[in-house]
Amino acid sequence: MDVKRVKDYLYWLYYQYQLVTCSYVLEPWEQSMFHTITVTVLAMVVYTAYVFVPIHVRLALEFFSQIFGPRAEGAA
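Residues numbered from 1 in each chain as written. Predicted model: local features only at pLDDT ≥ 70, side-chain atom pairs only at ≥ 80, totals over all residues. Heavy atoms only, no water.

Turning our eyes to something else, we now look at the overall build of the protein. The secondary structure content of the protein amounts to 2 helices and 0 strands. Relative to the globule expectation of 11 Å for 76 residues, the C-alpha radius of gyration of the protein, 23 Å, shows a markedly less compact shape. Evaluated residue by residue, the protein yields a buried proportion of 5% over its 76 residues. Counting every atom, the protein has about 7,200 Å² of accessible surface; 72% of that belongs to carbon and sulfur. Averaged over its 5 positive side-chain charges, the protein has a centre that lies 8 Å from the centre of its 6 negative ones. (Helix = DSSP H or I, 4+ residues; strand = E, 2+ residues; numbered from the N terminus. Rg over C-alpha atoms; globule rule 2.2 N^0.38 Å. Buried < 20%, exposed > 50% of the residue type's maximum accessible area, 1.4 Å probe, protein only. Areas by Shrake-Rupley, 256 points an atom, 1.4 Å probe, with all protein chains shown as cover. Lys, Arg positive; Asp, Glu negative; His and termini not counted. Charge placed at Lys NZ, Arg CZ, Asp CG, Glu CD.)

So, in structure tokens, the structure goes:
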């Protein structure tokens, strides 16, 4: 891939992020605080999903396997 195209695309994504969050109207120190808080919250959401979603999926599978029970092999 062309490095310039990737750089332009990343710049475009960052510009879209600034437009959606309206952070382009903030002062530089406010922008850095806003971006820090946003990245921190996003990292906590990803970590929480990584830690707790597999546990809940396993518990849900156990719950539904108890409800429906094992199937008889000879039953059609």
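More follows now that the structure is in view.
Attention now goes to the pattern of salt bridges. Close approach of charged atoms allows side chains of opposite charge to pair. Counting across every chain of the model gives 2 salt bridges. Lys4 is the salt-bridge partner of Asp8, the closest N and O atoms lying 3.3 Å from each other. Placement of both Asp8 and Lys4 in helix H1 (residues 3-21) is noted, with a separation of 4 residues, approximately one turn of the helix. Lys4 sits in the exposed class, given a relative accessible area of 54%. Linking Arg58 and Glu62 is a salt bridge whose minimum nitrogen-to-oxygen distance equals 2.9 Å. (Salt bridge = Lys/Arg side-chain N within 4 Å of Asp/Glu carboxyl O.)

The next subject is the packing of H1 against helix H2 (residues 28-68). Interaxial distance between H1 and H2 falls to 13 Å at its minimum, and their mutual angle equals 95 degrees. Overall, the two elements H1 and H2 adopt an arrangement that is roughly perpendicular. Where H1 approaches H2, its residues Tyr14, Tyr17, Gln18 and Thr21 are matched on the opposing element by Gln31, Phe34, His35 and Thr38. (Axes fitted to C-alpha atoms, helices over the stretch in contact; angles between N-to-C directions. Parallel < 35°, antiparallel > 145°, perpendicular 65-115°, else oblique. Contact = heavy atoms within 4.5 Å.)

As annotated in UniProt, the feature "transmembrane region" (unreviewed entry) corresponds to residues 32-53 in the numbering used here. Counted over residues 32-53, helix gives 100% and strand 0%. Its end C-alpha atoms are 31 Å apart. (UniProt positions renumbered as here; feature names shortened; annotations may be inferred.)

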